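So the chains spell out like this:
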Amino acid sequence: MKGVIFNVLEEMVVQQCGIQVWNEVLDETGDVDGIYTSGDSYPDEELFALVETVCAKLDQPMATVVQAFGVFLFDQLAARYPMFVENEHNLRDFLKSVESVIHIEVKKLYDSPNLPNFTYDESDADTLLMQYRSPRKLCILAEGLIRGAAAYYDTEIEIGHDVCMHKGADHCDLKVRFLDGQNNKSL
């Protein structure tokens, strides 16, 4: 996992709980030094251990924390890389650009970013089906990122997630339904 993800996790915990809580998370997690360079890679297990400690510290379920982190992560990445959100004028177009534009550019910025793969089905005018594939199985984080993007584009959505790798499938279906015809809303 790239260090930027660790940096944003730290920012979220510090912003919402304070630096003391982040330092306690680092102490309680064990074999971590807590210093992450954004472009460097660190073991996925280290991030997962930090998130588990955050969940225990906050007495919150993993899915709740990971999805909230996804929303926060979207805002932080949009601030760091505004060109990705400024180039798209509505949520649907932004989501469709993740695989064809954003992931290609991320691969230019970072060495071996180990990104998930998305394919899309637009057969329903009010829905975008995003098929998510990743050995990391961070579909809940992807849901949070989608919710963060929806807030950014001021678009009301519902996300269905009936097909999931955590239930034995080889991919996850993230079915994004645009409410009230807002799928064409532009900034």
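Residues numbered from 1 in each chain as written. Predicted model: local features only at pLDDT ≥ 70, side-chain atom pairs only at ≥ 80, totals over all residues. Heavy atoms only, no water.

1. Some words on the sheet that holds strand S4 (residues 172-178)
Line of reasoning, step 1. One open sheet accounts for four strands, arranged S1-S2-S4-S3; its pairing is antiparallel. Each edge of the open sheet carries a strand with a single partner, namely strand S1 (117-121) and strand S3 (157-160). Taking each pair of neighbouring strands and ignoring which way they run, the sheet shows an average axis angle of 25 degrees.
Line of reasoning, step 2. Two strands pair when backbone bridges link them, and S3 and S4 are joined in this way by four bridges, in the antiparallel orientation. Looking across to S4, one finds that Glu 158 is bridged to Arg 177. (Pairing = 2+ DSSP bridges. Helix = DSSP H or I, 4+ residues; strand = E, 2+ residues; numbered from the N terminus. Axes fitted to C-alpha atoms, helices over the stretch in contact; angles between N-to-C directions.)

2. Thoughts on the packing of helix H1 (residues 3-17) against helix H3 (residues 44-58)
Geometrically, a packed helix pair is captured by the angle between its two axes and the distance between the axes.
Line of reasoning, step 1. At a closest axis distance of 11 Å, the pairing of H1 and H3 adopts a crossing angle of 15 degrees. Relative to H3, H1 is oriented roughly parallel. At the point where H1 passes H3, the crossing takes the left-handed sense. Touching Ile 5, Phe 6, Leu 9, Val 13 and Cys 17 of H1 are Glu 46, Leu 47, Leu 50, Val 51, Val 54 and Leu 58, all from H3.
Line of reasoning, step 2. Its residues placed into classes, the contact of H1 with H3 shows ten nonpolar, no polar and one charged. (Parallel < 35°, antiparallel > 145°, perpendicular 65-115°, else oblique. Left-handed = near helix turned anticlockwise from the far one by under 90°. Contact = heavy atoms within 4.5 Å. Nonpolar A, V, L, I, M, F, W, Y, C, P; charged D, E, K, R; others polar.)

3. Points about the environment of Lys 167
Line of reasoning, step 1. You can see Lys 167 is positioned in the loop between S3 and S4.
Line of reasoning, step 2. Once residues within four sequence positions are removed from consideration, Lys 167 is found in contact with His 161 and Asp 162.

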